[in-house]
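# A structural walkthrough
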Amino acid sequence: MRFLLDAEQRAFAASLDALLTASDTPCAIREWGRGERASGRALWRRVAEAGVFGLAVPEEYGGLGVRPVELAVAFVELGRHAVPGPVVETVVAAALLGEPSPSAKRLLPSLASGEALATVAHEGSYALDGEAADVRLSLAPDGLRLAPGHGPVRPSLDPARRLTPLTPGGELLTAEPPVEHALAHARLATAAQALGVGLALLDRTVAYVKQRTQFGVPIGSFQAVKHRLADVKIALEFARPLVFGAALTMAPADVAAAKVAACEAAYRAARTALQSHGAIGYTAEYDLSLWLTKARALRTAWGTPRECRALVVSGGGRRW
């Protein structure tokens, strides 16, 4: 099988990269982490106008149709630029609401257009950016509910990932939400986002080791540094076809394998980046930290490595 992107997909990725490069995402990330939403919301609208969230929404509700491969292409770029906000959760919400229903007609157009942000969590657990979301979906024992509010914000390893419990109760949207379908989309988007984070970390580290010197030479000339960076490069390149292969099949085991490979590769990239940067890599003021913390957070989001490996070994599905 060939997993090369076609010309249209490559152009889509390039246009997103250009849009996000011009958007000063580090500033938006830091403001989002402080609870300041203006720049993050503006960035969200630009991403939505580029069609990203429409790739998870059926055409009859204002989307572009459910297109997992293009969605993976987009999320690689969102990860490469560490875009803040509940980007994966909005895709999950679209997947949960994708069946024809009055709630789909009411809620999906605003998700596709970027007018609304969504978050999703099990009742009693923490939701990402619950205080910023316009649509809060709670998976309750009796089905999918529209949560009426949220609890206090809790800190996270990634400062830009603000966690809140959702208020129990609320309108019952459907008694039988497509949970497995939504989980597959969550893991695919997370895997693609992690791949982008890992690629960004590798690029930043390669550039840094060419500049930092020890004993009068760049540290990038040392064999030990070259070997670590080569290992990261290999891990990311092995993860890439798994991500796009999973987008083609959307089989639960394939998506789980892609998530393990991409998130572990991103985590390796983060550890190598931190070691290569030395003391400056530990400072929150240095932009590298925005990617380091995201790599760690994505590793366990929407399924831990152990859970995903178990699913791959079993070769089947698993209830969320």
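Everything that follows concerns the structure shown earlier in this document.
Summarised in this report is the structure supplied together with it.

Attention now moves to the overall build of the chain. From N to C terminus, the chain includes eleven helices and eight strands. Taking 20 Å as the expected radius of gyration for a compact globule of 320 residues, we find that the chain reaches 19 Å, a close match to that expectation. Principal-axis analysis of the C-alpha atoms places the extent of the chain at approximately 65 × 45 × 35 Å. Expressed as a percentage of its 320 residues, the buried residues of the chain come to 54%. Restricting the contact set of the chain to residue pairs at least 6 apart, pairs at least 24 apart contribute 70%. Put simply, the chain shows about 13,800 Å² of open surface, and 56% of that area lies on carbon and sulfur atoms. Of the charged side chains in the chain, 35 are positive and 31 negative; the average position of the first set lies 7 Å away from that of the second.

Attention now goes to the environment of Gly98. On the secondary structure map, Gly98 appears in the loop between helix 5 (87-96) and helix 6 (102-113). Contacts of Gly98, omitting those with residues within four sequence positions, involve Pro58, Tyr61 and Leu108.

Turning to the pattern of salt bridges, a few remarks are in order. Scanning the model with the defined rule gives 15 salt bridges in all. Here Arg41 and Asp134 are joined by a salt bridge, their closest N and O atoms 3.0 Å apart. Remark: Asp134 occurs in the loop between strand 2 (126-128) and strand 3 (135-140) and Arg41 occurs in helix 3 (residues 38-49); sequence separation between them is 93 residues. Residue Asp134 is classed as partly exposed on the basis of its relative accessible area, which comes to 42%. With its nearest N and O atoms 2.8 Å apart, the salt bridge here joins Arg106 to Glu171. Linking Arg106 in helix 6 with Glu171 in strand 6 (residues 171-174), this pair joins segments that are 65 residues apart in sequence. Each member of the salt-bridge network shares a partner with another, and the members are Arg37, Glu131 and Arg162.

Calculation criteria
- Sequence order sets the numbering: in each chain, residues are counted from 1 along the sequence as written.
- Local features in a predicted model are, by the rule used here, given only for residues with pLDDT of at least 70; side-chain atom pairs are given and counted only at 80 or more, and totals for whole chains, interfaces and linings are based on all residues.
- Remark: hydrogens and water are excluded; side-chain values derive from all non-hydrogen atoms of the structure.
- Working definition: helices are DSSP H or I runs of at least four residues, strands are E runs of at least two. Numbering for both runs from the N terminus.
- Each radius of gyration reported is based on C-alpha atoms, and the globular scaling rule is 2.2 Å times the count of residues to the power 0.38.
- For each residue, the accessible area found with a 1.4 Å probe, counting protein chains only, is set against the maximum for its type, and the residue is called buried under 20%, exposed over 50%, and partly exposed in between.
- Only heavy atoms enter the contact rule, under which two residues are in contact if any of them lie within 4.5 Å.
- Throughout, the Shrake-Rupley method with a 1.4 Å probe supplies accessible areas, and for residues the shown protein chains are the sole cover considered.
- When charges are counted, Lys and Arg are positive and Asp and Glu negative, with His and the chain ends excluded.
- Taken as the charge location is NZ of Lys, CZ of Arg, CG of Asp or CD of Glu.
- The rule for a salt bridge is simple: a side-chain nitrogen of Lys or Arg has to be within 4 Å of a carboxyl oxygen of Asp or Glu.

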